[in-house]
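Understanding the architecture of this molecule
Each chain is listed here by its residues.
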Amino acid sequence: MLLPVTTTVWGMEYSVHACPKRHKSEAEAMFPGLDVDDLLIIPTCQRTKIDLVQTSEDADIEKDFCLERYVAFAKRVTDRLMADGHWADYIDPCSGLSMVNKDSQQIYGEVDALVTLLNYQTINTGCCKIALHPTWGSAMYPASIFTKAPVTALQHAVQVTEAGIREQDPAA
């Protein structure tokens with residue numbers, strides 16, 4: 001782990017990891033032509049008000065809220081990194097597909113990444129494997145960002161993003 005779990009102004013947790021050997025082939029398939037040797041994976045987790053394993057209108061509303069918040073954060077971070085000359089991308093949590101580099105239909109396994117990178121436990125619910133946050137259990141919304149930027153550039157992009165969030169939402 002290159003940067004331990006940190007919390008954003010919105011309460012979203014993130015950490016920074018070098019792409020482990022066991023995820024390199026998946027990363028190469030997701031990002032064709034990219035040298036993944038120095039690829040960073042930034043898993044994010046948002047605590048949810050309800051357990052998202054359940055299927056209900058409330059769960060759908062919570063998922064939509066978390067999706068909007070994640071995309072707002074991830075897009076700002078990746079846009080900042082790319083403006084600074086670094087390669088970056090983020091995953092659409094609904095499809096598991098890349099949002100910036102659309103050269104592949106490879107789906108990213110958020111649950112497997114949380115198990116490998118953060119040692120999260122899992123449970124099986126029907127046909128799905130669910131990651132369990134060590135404090136929040138299954139009341140969480142995971143999604144990931146990728147970059148080839150140095151950790152310091154990523155930290156700067158997060159700081160700029162958080163400043164923009166605070167400017168738009170002083171209560172954040």
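This report concerns the structure included in the present document. Small disclaimer: the values here were computed from a predicted structure and weren't measured.

1. Topic: the side chain of S144
Of note, S144 is situated in strand β7 (residues 140-147). Within the structure, the side chain of S144 is placed 2.7 Å from the side chain of E110, a separation counted as a polar contact. If near-sequence neighbours (up to four positions away) are discounted, S144 is found in contact with I42, P43, Y70, Y90, I91, Y108 and E110.

2. Some details on the pairing of β7
Look at any regular strand and the pattern is simple: side chains alternate between the two faces of the sheet. Taken across its 8 residues, β7 has 7 buried, putting it largely inside the fold. As paired strands, strand β3 (residues 40-47) and β7 are joined by 8 bridges and run antiparallel to one another. Bridge pairing links L40 to T147 in β7. The sheet contact formed by strand β4 (residues 88-90) and β7 spans 3 bridges and is antiparallel. The residue bridging Y90 from the neighbouring strand is I145, located in β7.

3. What about empty space enclosed by the protein?
One water molecule sets the probe size; rolling that probe over the atoms shows where empty space is left. The tally for this structure, following the rule as stated, stands at 1 cavity of 30 Å³ or more. Size it by volume and the largest cavity reaches roughly 30 Å³. What lines the largest cavity is V5, E13, Y14, S15, P43, C45, L118 and Y120. Breaking the lining of the largest cavity down by element, the ones donating at least two residues are β2 (13-18) and β3. Split into classes, the residues belonging to the lining of the largest cavity amount to 6 nonpolar, 1 polar and 1 charged.

Cut-offs used in this document
Residues numbered from 1 in each chain as written. Predicted model: local features only at pLDDT ≥ 70, side-chain atom pairs only at ≥ 80, totals over all residues. Heavy atoms only, no water. Helix = DSSP H or I, 4+ residues; strand = E, 2+ residues; numbered from the N terminus. Polar contact = N/O pair within 3.5 Å; in protein donor to acceptor, adjacent residues only side chain to side chain. Contact = heavy atoms within 4.5 Å. Buried < 20%, exposed > 50% of the residue type's maximum accessible area, 1.4 Å probe, protein only. Pairing = 2+ DSSP bridges. 1 Å grid on protein atoms, 1.4 Å probe; cavity = no way out; pocket = protein on both sides within 12 Å on 5 of 7 lines; lining within 4 Å. Points joined across faces, edges and corners; volume = space filled by probe spheres on them. Nonpolar A, V, L, I, M, F, W, Y, C, P; charged D, E, K, R; others polar.

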